[in-house]
Amino acid sequence: MTLHPDSTSSLVSSSILHHTLRADNPLKLGIMASGNGSNFEAIAQAIKDGQLAAQIQVLIYNNPEAYAAVRAERWGIPSVLLNHREYKSREGFEEQIVKTLQQYDVELVIMAGWMRLVTPVLLDAFPHKIINIHPSLLPSFKGVRAIEQALAAGVKITGCTVHLLCLEMDSGPILVQAAVPVLPDDTPETLHARIQVQEHRILPIAIALAAQ
Ligand code: GRF
């Protein structure tokens, strides 16, 4: 069987979006990002398009250069820079994150390209209410450079995963996955671009699922 480059499969139908969230009671989201922020924007777009009954209360970013902050400004969404380099401990940093999320009345936290490991300070403040997106079919290729790892392993199918966060990196219960074929001449960039198309599709679905 040959897979078309654009073909994909995921385990949950997007109709779930319409079943789990109610427009008259939008879920209050807090997004955490360190970089580009395309997933942040995909969530904003899904909300705008009426696919997801939610509201982004705040973007927290830890890298002053993060393009996600530019996107937030464009969307008129409040953003808060919390630079981990300005804190003595991981715990102190996360206490500030928790305080900010609580100030903005956040119900569900989405790590969309957040490049820091977490401690119980954050996890215990939002039990079962933090989700993460990772660019591989977990449990394969955890950690950094997941796409390079997949190319080096020679797999023919990879993808992306949205899962509940737990202390162990890239290991919590899986909410949604999408498969993406690896093409013979793929580079990390071309493969990542195709994976991101699927990330943007499954993240709103996972948010609706996590809200249940
Ligand atoms: C995504 O590929 C995500 O899976 C990984 O970091 C990347 C973030 O992309 N955790 P973006 O900043 O949302 O564009």
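Since we're looking at a predicted model, the values are computed, not measured.

1. Focus on the nonpolar core
Next up, step 1: Among the nonpolar cores identified, the biggest contains 41 residues, and Leu 29, Ile 43, Ile 110, Ile 131 and Ile 207 are the most heavily contacted of them.
Next up, step 2: Of all the elements, helix α7 (residues 188–210) adds the most residues to this core, at 10 residues.
Next up, step 3: Contact partners of Ile 207, with chain neighbours within four places excluded, come to Leu 27, Leu 29, Ile 43, Leu 52, Leu 108, Ile 110 and Ile 131.

2. Notes on the pattern of salt bridges
Next up, step 1: Under the defined criterion, the tally for this structure stands at four salt bridges.
Next up, step 2: For Glu 41, the salt bridge goes to Arg 71, with nearest N and O atoms at 2.6 Å. Highlighted residues: Glu 41 in helix α2 (residues 38–48) and Arg 71 in helix α3 (residues 67–75), separated in sequence by 30 residues. Arg 71 carries the same exposure label as Glu 41, and that label is buried.

3. Some remarks on the environment of Arg 145
Next up, step 1: Here Arg 145 is to be found in the loop between β6 (130–134) and α6 (146–153).
Next up, step 2: Remark: the alpha-carbon pair of Arg 145 and Pro 188, spanning 43 residues in sequence, is separated by 9.1 Å.

4. Here we look at the site of the ligand
Next up, step 1: Around the ligand, the structure places Asn 36, Gly 37, Ser 38, Asn 39, Gly 113, Ile 133, His 134, Pro 135, His 192, Gln 196 and Glu 199.
Next up, step 2: Within the side chain of Gln 196, one N or O atom sits 3.1 Å away from an oxygen atom of the ligand.
Next up, step 3: When isolated, the ligand has an accessible area of 370 Å², and the protein chains bury 88% of it.
Next up, step 4: Contributing elements (two or more residues each) for the shell around the ligand: α2, β6 and α7.
Next up, step 5: For the shell around the ligand, the element with the most residues is α7, which contributes three residues.
Next up, step 6: A per-class count over the shell around the ligand returns two nonpolar, eight polar and one charged.

5. A closer look at the side chain of Thr 119
Next up, step 1: Following the sequence through the fold, Thr 119 ends up in the loop between β5 (108–111) and α5 (120–125).
Next up, step 2: Owing to a relative accessible area of 5%, Thr 119 belongs among the buried residues under this scheme.
Next up, step 3: Apart from the residues lying within four places of it in its own chain, the contact partners of Thr 119 are Arg 90, Glu 91, Glu 94 and Leu 167.

6. Examining the packing of α6 against α7
Next up, step 1: Closest axis-to-axis distance for the α6/α7 pair is 10 Å, and the angle between their directions is 115°. The angle between the axes of α6 and α7 places the two elements in the roughly perpendicular class. α6 and α7 meet at a crossing whose hand is right-handed. Judged by residue contacts, Ile 147, Glu 148 and Leu 151 of α6 engage Pro 188, Leu 191, His 192 and Ile 195 from α7.
Next up, step 2: Of the residues contributing to the contact of α6 with α7, the split by class is five nonpolar, one polar and one charged.

7. Describing the confidence of the model for the protein
Next up, step 1: For the protein, the average pLDDT comes to 92, and 90% of its residues sit at 70 or higher.
Next up, step 2: Across residues 1–9, confidence stays below pLDDT 50; counting only partners more than four residues off in sequence or on other chains, it has 16 contacts.

8. What about the environment of His 128?
Next up, step 1: For His 128, the location among the structural elements is in the loop between α5 and β6.
Next up, step 2: Judged by its relative accessible area of 65%, His 128 is exposed.
Next up, step 3: Taking the C-alpha atoms as reference points, His 128 and Val 109, 19 residues apart in sequence, are found 9.6 Å from one another.

9. Considerations on α6
Next up, step 1: When we look at burial in α6, the residues that qualify are Ala 146, Ile 147 and Ala 150. All buried residues of α6 lie within an arc of 100° about the axis, which places them on one face of the element.
Next up, step 2: Gly 154 occupies a position one or two residues after α6 and carries a positive phi of about 75°.

10. Considerations on the environment of Gln 177
Next up, step 1: By the secondary structure assignment, Gln 177 is in strand β8 (residues 174–181).
Next up, step 2: It is 9.6 Å that separates the C-alpha atoms of Gln 177 and His 134, two residues lying 43 residues apart in sequence.
Next up, step 3: Only 3.0 Å separates the side chain of Gln 177 from the backbone oxygen of Leu 138, close enough to count as a polar contact.
Next up, step 4: Separated by 2.9 Å, the side chains of Gln 177 and Thr 161 make a polar contact.

Procedures and definitions
- Residues numbered from 1 in each chain as written.
- Predicted model: local features only at pLDDT ≥ 70, side-chain atom pairs only at ≥ 80, totals over all residues.
- Heavy atoms only, no water.
- Core = buried A, V, L, I, M, F, W, Y, C linked by side-chain atoms within 4.5 Å.
- Buried < 20%, exposed > 50% of the residue type's maximum accessible area, 1.4 Å probe, protein only.
- Helix = DSSP H or I, 4+ residues; strand = E, 2+ residues; numbered from the N terminus.
- Contact = heavy atoms within 4.5 Å.
- Salt bridge = Lys/Arg side-chain N within 4 Å of Asp/Glu carboxyl O.
- Near = heavy atom within 4 Å.
- Polar contact = N/O pair within 3.5 Å; in protein donor to acceptor, adjacent residues only side chain to side chain.
- Areas by Shrake-Rupley, 256 points an atom, 1.4 Å probe, with all protein chains shown as cover.
- Nonpolar A, V, L, I, M, F, W, Y, C, P; charged D, E, K, R; others polar.
- Axes fitted to C-alpha atoms, helices over the stretch in contact; angles between N-to-C directions.
- Parallel < 35°, antiparallel > 145°, perpendicular 65-115°, else oblique.
- Left-handed = near helix turned anticlockwise from the far one by under 90°.
- pLDDT = per-residue confidence, 0-100.
- Arc of directions from axis to C-beta.

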